[in-house]
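So you can see what is in the structure, the chains are spelled out below.
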Amino acid sequence: MAGSGSHRALTRWVLVAGLWAWVIGMTASTAAAQPGAVPGPGDDRPGVSRYFSGPQGWAIPTEPCDPAGPSATDGLMAEQLNPQLDAKMAGYLNAYKMSCARMVAQAVKDRGLNPRAASIAIATIIVETSMNNYSQAVDHTSIGLFQQQDWWGTREQRLDPVHATNAFLDAMERRYQGGSWNDAPIGEVCWRVQQPREDLRHLYGIEAGDAALIANALWSGMKGGAKHPYASGRVVSGRSADGRLEAFAAGADGVYHTWQTEVNGAWSPWRFAGGPRDAQLAVAPNADGRLELFALSDTTFDHMWQTGPSAGWSAWETFGTGGRHLAAGANADGRIEVFASSADGVFHRWQTAPSGGWSGWKGAHGGPPNARLAMENAPDGRLEVFALSGSTFEHLYQTGVNGGWSAWEDFGTGGHAVAVSHNQDGRIEVFASNAEGVFRRWQTGPSSWSAWTGSGGAPDSELATSRSVDGRIEVFAINATTASHAWQTAPNAAFSQWEDFGGGGTSIGTVNNADGRIEVLGTSHDGVYHRWQTGFATWSAWAWLHDSGPAIP
């Protein structure tokens, strides 16, 4: 099989090299036919053409895309994505190219556009330069990631990925007014903005799928935009501002804490942090990057927080009275919102300003008593809450972004555990377990839902979800005798059959490393274990999370 892959790569390179030679000849002849022509942006005259490099690019000087250079995460993410790519860049991503894609995607996000816009921009730089920020002109005056001629800006501006991306997006929004680029094929948008010759039009569409995969892999880890909630439970984890994971487990004598000693790396020894005994935990990111931890027991509700982004932790502070379960998430404006259940129903409390103070507790107009809670962001940023008891399943949602809340709506019958995630296109997916196994329900539109669908799986299991780098949801289930695992066969698609994932345990949690790899945390009467992706479809064996940590009954 290795020989077959090498043959395909060589064939692809020969074809692209042949196209390159052909483009050179055509460019030379048309340029000579139109001496002195100075076309403007979007001009599609025959003299305006592009050089389309092979996947490695050419021996032409390049500039850094990130002034700080590629990060360790860029290299690791490139390794993870290479086996998933299908077109020109398959096997050719490296840390430098990934840093260029990251700068482009971040510029799109900072502008307030969506991952589709990032996919359009990344498809363009794949075709134009194989994701190289060329500092020497290769077509008249064209330089940079987008091969922009001198009418796009000064030399410095065209070599700045942020300026170059925004110039490209300016042109895109002029051609596709009112956001109509959202409804056009990615390759068509690229071609109409860049305007090479008609016979080269198809090249952008070939790269659209890989561009979307790269854009979506980058999107969730970048600053800005909605921060999707981390799941709550007996073991939880969140990512510090510097990319390192921090994990907490609720022991019989209080809360224990461990953290990665480097990004995507090994874990520290467990530290006893005090706090409520036998607690339910939730972690949420403040708008300024500081993580905040919430711990709820039957008599106590406390919280503590990082004193600075990626820094140490405060002492515990009282947050309320006791209860049963909790969930925490972030509003679209960055304010954390916390929900908790008790025998009286469901209550919530929220930050009055991003990274700021807190409101008082307010009832959520009912809700199932002592319910399991899960929270997720809708595609437009509104928070939605799901509350499951042994006899009732109800649903609550914000009526506007950062706004008030609806009345509770019926969402199904009772069950054991609930977990939620979001599809690559933003639609929420809900999982629930009961004595018959695991069931799922998903958004079919902004306010419509599918019926419940059985998927098999372990009965009365604890549930956790995460998302692979390419945007596929993965779901994990554990009960006293077995752990199992299922995943979407493609982004936004149906799920695989359940697959064995190990022995039984008491609870389960998930988190994504900075490079996108999923890390699964499992607990038992003996302590805390973890298992992590070594690739998109390969996993490590179960191992202690540094050492055994607290026993979790």
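As the structure is a computational prediction, the values presented were derived from the model and not from experiment.

K.L.:
So what exactly am I meant to see when it comes to the overall build of the protein here?
P.N.:
When you go through the protein residue by residue, the secondary structure sums to eight helices and 31 strands. By residue count, 57% of the 553 residues in the protein fall in the buried class. For the protein, restricting intrachain contacts to residue pairs at least 6 apart in sequence, the fraction spanning at least 24 positions comes to 50%. On the protein, roughly 20,900 Å² of surface is accessible, and the fraction owed to carbon and sulfur atoms is 53%.

K.L.:
Which parts of the structure should I look at to understand the environment of Asn286?
P.N.:
By the element assignment, Asn286 lies in the loop between β7 (280-285) and β8 (291-296). Considering only alpha carbons, one finds Asn286 and Ile336, 50 residues apart in sequence, at a separation of 6.6 Å. In this structure Asn286 touches Lys227, Leu291, Glu292, Ile336, Gln351 and Ser355, once residues within four positions along its chain are discounted.

K.L.:
I'm lost on the packing of helix α4 (residues 115-129) against helix α7 (residues 186-194) in this one. Help?
P.N.:
Helix-helix packing: each pair is described by the crossing angle between the helix axes and the interaxial distance. Between α4 and α7, the least distance of the axes is 9 Å, while the angle of their chain directions is 60°. When the axes of α4 and α7 are compared, the crossing they make is right-handed. Note on element contacts: α7 touches α4 through Ile186, Val189, Cys190 and Gln194, opposite Arg116, Ser119, Ile120, Ala123, Thr124 and Glu128.

K.L.:
I keep staring at the sheet that holds strand β6 (residues 271-274) and nothing clicks. Help me out?
P.N.:
Picture the strands of a sheet paired through backbone hydrogen bonds; they go either parallel or antiparallel. Overall, antiparallel pairing links the four strands, which are arranged β3-β4-β5-β6 in an open sheet. Either end of the sheet is taken by a strand with one partner, and the two such strands are β3 (235-239) and β6. If you compare each strand with its neighbour and ignore which way they point, the axes differ by 30° on average. Two strands pair when backbone bridges link them, and strand β4 (residues 245-251) and strand β5 (residues 254-259) are joined in this way by six bridges, in the antiparallel orientation. If you follow Ala249 over to β5, its bridge partner there is Tyr256.

K.L.:
What am I meant to see in the sheet that holds β8 here?
P.N.:
Reading across the sheet, the four strands line up as β7-β8-β9-β10 and stay open at both edges, with antiparallel pairing between neighbours. This sheet does not close on itself; its edge strands, each paired only once, are β7 and β10 (317-321). Pairs of neighbouring strands in the sheet enclose a mean axial angle of 25°, with direction left out of account. The sheet contact formed by β7 and β8 spans six bridges and is antiparallel.

K.L.:
Looking at this structure, I do not really get the packing of aromatic side chains. What am I missing?
P.N.:
The geometry of two aromatic rings is summed up by the distance between their centres and the angle between their planes. With the rule as written, the count across this model stands at 22 aromatic pairs. For the ring pair Phe501 and Trp539, a centre distance of 5.1 Å and an interplane angle of 90° mean the geometry is edge-to-face. Of this pair, Phe501 sits in strand β27 (residues 499-503) while Trp539 sits in the loop between β30 (527-532) and β31 (543-544), and the two are 38 residues apart along the sequence. The same class applies to Phe501 and to Trp539, which are both buried. Here a set of aromatic residues connected by ring pairs shows up, and it is made of Phe294, Phe301, Phe319, Trp358 and Trp361. Over the face of the ring belonging to Phe411 we find Arg441, whose NZ or CZ atom lies 4.4 Å from the ring centre. Sitting over the face of the ring of Phe501, Arg531 holds its NZ or CZ atom 4.3 Å from the ring centroid.

K.L.:
What's the story with the nonpolar core in this structure? I'm lost.
P.N.:
Across soluble globular proteins, you tend to see nonpolar side chains buried next to one another. Core analysis: the biggest nonpolar cluster contains 57 residues, and Leu81, Ile122, Met172 and Ile214 have the highest contact counts within it. Mapped onto this core, the elements with two or more residues apiece are α2 (72-81), α3 (95-110), α4, α6 (161-175), α7 and α8 (202-219). No other element matches the 10 residues that α8 contributes to this core. Those residues in contact with Met172 that lie beyond four places of it in its chain are Leu113, Ala117, Ile120, Trp181, Val189 and Val193.

K.L.:
When you look at the confidence of the model for the protein in this model, what are you seeing that I'm missing?
P.N.:
Caution applies to low-pLDDT parts of the model: their predicted coordinates are not meant to be read in detail. For the protein, per-residue confidence averages 87 on the pLDDT scale, and residues scoring 70 or more make up 89% of the total. For residues 1-51, every residue scores under 50 in pLDDT, and the model assigns this stretch 65 contacts once sequence neighbours within four places are set aside.

K.L.:
Before we go on, may I ask you to explain the pairing of strand β26 (residues 482-487) in this structure?
P.N.:
A regular strand places its side chains on the two faces of the sheet in alternate fashion. Pairing of strand β25 (residues 473-478) with β26 involves five bridges; the strand directions are antiparallel. The residue of β26 that forms the bridge with Phe476 is His485. In this structure, the hairpin formed by β25 and β26 is closed by a connection of three residues. Sheet topology places β26 next to β27; four bridges connect them, and they run antiparallel. If you follow Ala483 over to β27, its bridge partner there is Gly502.

K.L.:
Before we go on, may I ask you to explain the state of the cysteines in this structure?
P.N.:
Simply put, the disulfide is a covalent bond whose two ends are the sulfur atoms of two cysteines. Counted under the stated rule, the structure contains one disulfide. The disulfide partner of Cys65 is Cys100, and the gap between their sulfur atoms is 2.0 Å. One quick way to see it: the torsion about the S-S bond of Cys65 and Cys100 is about 85°, and its sign makes the bridge right-handed. Of the two residues, Cys65 is situated in the loop between α1 (2-33) and α2 and Cys100 in helix α3; the sequence distance between them amounts to 35 residues. Relative accessible area serves as the criterion here: at 0%, Cys100 is assigned to the buried category.

K.L.:
Whenever I open this one, empty space enclosed by the protein confuses me. Can you help?
P.N.:
Summary: where empty space remains is shown by rolling a probe the size of a single water molecule over the atoms. For the structure on display, the rule yields two cavities of 30 Å³ or more. When its volume is computed, the largest cavity comes out at roughly 50 Å³. If you trace the largest cavity, you find it lined by Ala231, Ser232, Val235, Val236, Ser237, Gly509, Thr510 and Leu521. For the lining of the largest cavity, the element with the most residues is β3, which contributes three residues.

K.L.:
Would you explain the side chain of Glu519 in this entry?
P.N.:
Examined against the element boundaries, Glu519 turns out to sit in strand β29 (residues 518-524). Buried within the structure, Glu519 lacks any salt-bridge partner; Arg517 is the closest side chain of opposite charge, at an N-O distance of 5.2 Å. There is a polar contact of 2.8 Å between the side chain of Glu519 and the side chain of Asn513. Within the structure, Glu519 has its side chain in polar contact with the side chain of His530 (distance 2.6 Å). Apart from the residues lying within four places of it in its own chain, the contact partners of Glu519 are Leu245, Gln260, Trp267, Gly509, Thr510, Val511, Asn513, His530, Arg531 and Trp532.

K.L.:
Sorry, what's going on with the side chain of Asp515 here?
P.N.:
In this structure, Asp515 sits in the loop between β28 (507-512) and β29. Overall, the relative accessible area of 0% leaves Asp515 in the buried class.

K.L.:
Help me out: how do you make sense of α3 in this one?
P.N.:
Two residues of an α-helix separated by three or four positions point the same way, owing to the 3.6 residues in each turn. In a regular helix each residue adds 1.5 Å, so 16 residues correspond to 22 Å; α3 covers 22 Å between its end C-alpha atoms and thus fits that length. Most of α3 is tucked away: 14 of the 16 residues are buried. Sitting at the head of α3, Asn94 places a side-chain oxygen 3.2 Å from the backbone nitrogen of Tyr96. Just downstream of α3 lies Gly112, where phi reads positive at about 90°.

Rules and cut-offs
- The numbering scheme is per chain: residues are counted from 1 as the chain's sequence reads.
- The predicted nature of this model means local features are confined to residues of pLDDT at least 70 and side-chain atom pairs, given and counted, to a pLDDT of 80 or more, with totals for whole chains, interfaces and linings taken over all residues.
- Only hydrogens and water are set aside when side-chain values are computed; all heavy atoms of the structure are taken into account.
- A run of H or I in DSSP becomes a helix once it reaches four residues, and a run of E becomes a strand once it reaches two; helices and strands are each numbered from the N terminus.
- Each residue is assigned to one of three classes by its accessible area relative to the maximum for its type, calculated with a 1.4 Å probe on protein chains only: buried under 20%, partly exposed between the two thresholds, exposed over 50%.
- When checking whether two residues touch, look at their non-hydrogen atoms; a contact exists if any pair is within 4.5 Å.
- Values of accessible area rely on a 1.4 Å probe in the Shrake-Rupley scheme; residue burial ignores everything except the protein chains shown.
- Axis lines are fitted through C-alpha atoms, for helices just across the contact stretch, and the angle between N-to-C directions can take any value from 0 to 180 degrees.
- We call a crossing left-handed when the near helix sits turned anticlockwise from the far one by less than a right angle, and right-handed when that turn is clockwise.
- For two strands to count as paired, DSSP must find a minimum of two bridges between them.
- Stacked, edge-to-face and tilted labels apply to pairs of Phe, Tyr and Trp rings (six-membered ring for Trp) whose centres lie within 6.5 Å, assigned for plane angles under 30 degrees, over 60, and everything in between, in that order.
- Put simply, a charge is over a ring when the Lys NZ or the Arg CZ is close to the ring centre, within 6 Å, and near the line of the ring normal, within 35 degrees.
- Take the buried residues of types Ala, Val, Leu, Ile, Met, Phe, Trp, Tyr and Cys, join any two whose side-chain atoms come within 4.5 Å, and each joined set is a nonpolar core.
- The pLDDT value expresses, per residue, how confident the predictor is, ranging between 0 and 100.
- In this description, the term disulfide denotes a pair of cysteine sulfurs within 2.5 Å.
- Buriedness for pockets is judged along seven lines, at least five of which must meet protein on both sides within 12 Å for an open set on the 1 Å grid over protein atoms alone, while cavities are sets there where a 1.4 Å probe fits but cannot get out, and lining residues have an atom within 4 Å of a point.
- Grid points are joined across faces, edges and corners, and a volume is the space filled by probe spheres set on the points.
- Only four residue types enter the tally: Lys and Arg on the positive side, Asp and Glu on the negative side, with His and both chain ends excluded.
- Salt bridges, as used here, are contacts in which a Lys or Arg side-chain nitrogen is within 4 Å of a carboxyl oxygen on Asp or Glu.
- In protein, a polar contact requires one atom able to donate a hydrogen and another able to accept it; more generally it is a pair of N or O atoms within 3.5 Å, and residues adjacent in sequence count only if both atoms are side-chain atoms.
- A helix is expected to reach a length of 1.5 Å times the quantity of its residues less one.

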